[in-house]
Structure formats: structure tokens, C-alpha cells
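An overview of the molecular structure
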Amino acid sequence: MKTPRVELKASAKLSGQENFMRRQKLQKLYIFWCRILLFVGFIALWQMAADLGWIDKFYFSSPAAIAALFWHDIKDMSLLSHIGITLLESGVSFLLILVFSVLFATFFWFYPSFGKMMEPFLIVLNSLPKSALAPLIIVWLGTGSRTIILCGMSVGIFGCILNLYQAFAQTDPERLKLIETLGGTKLQAFTKVVFPGNVPTFISLSKVNIGLALVGVIIGEFLAGRRGLGYLIIYGSQVFS
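This text gives an overview of the structure that appears in the document. Bear in mind that the values here come from a model prediction, so they are computed numbers and not experimental data.

1. A look at the side chain of threonine 106
- Within the fold, threonine 106 resides in helix H4 (residues 78-110).
- The exposure class assigned to threonine 106 is buried, which follows from its relative accessible area of 15%.

2. Details of the packing of H4 against helix H10 (residues 199-224)
- Two numbers describe how H4 lies on H10: the axes approach to 8 Å, and their chain directions differ by 130 degrees. One way to sum up the angle between H4 and H10 is to call them oblique. H10 is crossed by H4, and the crossing has right-handed handedness. For the pair H4 and H10, the contacting residues are Ile85, Thr86, Glu89, Ser90, Ser93, Phe94, Ile97, Leu98 and Val102 in the first and Phe202, Ser206, Asn209, Ile210, Ala213, Leu214, Val217, Ile218 and Glu221 in the second.
- For the contact of H4 with H10, the residue count by class is eleven nonpolar, five polar and two charged.

3. Side note on unusual backbone geometry
- Of note, serine 61 is a non-glycine position whose phi angle comes to about 55 degrees, a positive value.
- Tracing the sequence through the fold places serine 61 in the loop between helix H2 (57-60) and helix H3 (63-75).
- A residue is classified by how much of its surface remains accessible, and serine 61, at 23% relative accessible area, is partly exposed.

4. Section: the nonpolar core
- One finds Ile97, Trp109, Leu122, Ile157 and Phe168 to be the most contacted residues of the largest nonpolar core, which totals 23 residues.
- Contributing elements (two or more residues each) for this core: H4, helix H7 (145-169), helix H9 (186-197) and H10.
- Among the elements that take part in this core, H7 stands out by supplying nine residues, more than any other.

5. Concerning the pattern of salt bridges
- Enumeration over the complete set of coordinates arrives at two salt bridges.
- The shortest N-O distance in the salt bridge between aspartate 51 and lysine 57 comes to 3.7 Å.
- When its relative accessible area of 46% is taken as the criterion, lysine 57 is described as partly exposed.
- A salt bridge links arginine 175 to aspartate 172; the shortest N-O distance between them is 3.9 Å.
- Classification of arginine 175 by relative accessible area gives exposed; the value is 52%.

Thresholds applied
- Residues numbered from 1 in each chain as written.
- Predicted model: local features only at pLDDT ≥ 70, side-chain atom pairs only at ≥ 80, totals over all residues.
- Heavy atoms only, no water.
- Helix = DSSP H or I, 4+ residues; strand = E, 2+ residues; numbered from the N terminus.
- Buried < 20%, exposed > 50% of the residue type's maximum accessible area, 1.4 Å probe, protein only.
- Axes fitted to C-alpha atoms, helices over the stretch in contact; angles between N-to-C directions.
- Parallel < 35°, antiparallel > 145°, perpendicular 65-115°, else oblique.
- Left-handed = near helix turned anticlockwise from the far one by under 90°.
- Contact = heavy atoms within 4.5 Å.
- Nonpolar A, V, L, I, M, F, W, Y, C, P; charged D, E, K, R; others polar.
- Core = buried A, V, L, I, M, F, W, Y, C linked by side-chain atoms within 4.5 Å.
- Salt bridge = Lys/Arg side-chain N within 4 Å of Asp/Glu carboxyl O.

Following this line, the structure appears as C-alpha cells:
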């Protein structure tokens, strides 16, 4: 049977937890509404500056003009078509980055001497400005979706291979030794320990590379595209629309 003192402590602890949860919820709501107010305030200030002539509408436009153009492009389906093309090319680039990164990182783990030999070359390729690679890819392959997808891959694939290979190489040696002691093969060590142990790393790299693939595709569309968001950006900068 609980004593009154024990019951009082339990009640105080529960009350403290409820107050903490309530404060956390209020803080999240406060941050959410502050973000909304900041965004609305920025849009309102931008529109007011354009209407009052504080900024030149020709160069800075205004939220109302952008919304009208957006609605016009949505109605005639042209914007949705360009968005769909860019997303498709980005998705293909992203999947190819993951597939080739896993294949190369796995090959380097099975043959560490070859991996160490290729590592400095991958570092150099990863450090190159990707906008400098795009013109070379266009010269080699011409214009078209194939070139744009390759541009999307070039932004993230080298870094993904390096990070995934280093994660594989840093797998706990004690676990690998245990597999070897029990008579397991290197393939079993990879499938049972190395890859499963690095799934969080793989997921983190995927989150990064999905954005990098989109950036690379838009860079490719800047230079070689006739459709897509990158093409629209270049077209809009030329005609100021």
C-alpha cells in the first residue's frame, strides 16, 4: 500500500512532466507562428515596396505579379510539364548515384588495395567545380536528357562513393574478426555486418544526394536543356518574365 508521501511524490512528478510537455508544445507553436509571421511580413513588405516605388518592379517584380504568372502557367500546364521533366531527370540521376556508389564502394571494400589507389583520384574529382564538368559532358554527349542526367550524377556520385567506402572500411574490426573466426567468408561478412551496419550512413547520404542530384540537373538544364526548371530560369533571365 502506497504511503501518502509516495503518492505525493508521484503526483508531483506527473505534474512536472505535464508542465514540461505543455511548455514544449507551446514553444513549438510559438516558433511555428513566428515563422509564418516572418514570411507574411516579408511578402507584405516586398509588395508594398513594389507598389510604392521603393524598388523597380521590372527587376524585382512583386508577389502579386509572380502569383499571377504562376497561376497562368499552371492553367496552361506548361509549368507542371517543366517541373515533371526536372523531377524525372533528378530521380533517375539520384537512383543512378545510389546504385553506382554502392557498387563501387563494395568493390573497393572487397579489394582494398584498389580502393586506396583510386581514393586520391576520387577526392580530386569530388573537389572539381561541377559547373566546369558540364560543358565537357555536353561536348562528349551533345545536348539532351542523357547529358542532363549525367550532369546530375556528377555533382554527388564521387562524394557518395568516398563516404560510403570510408564507412565500409571503418566497420568494427572485432565483428569482422568474429565472422572470420567462425569460418565465414568475406561475402558473408559484408552481407551480415558491413552493409547492415552502415544502413544509417547510406540513408544519410541518400538525403544529401537527392538535393545534389536536383542541383546538378538544373545546372545541366542551364547549359543543355530545352525543357525543365533550369531552362525556365535561363529563359526568364533573358526576357525578364
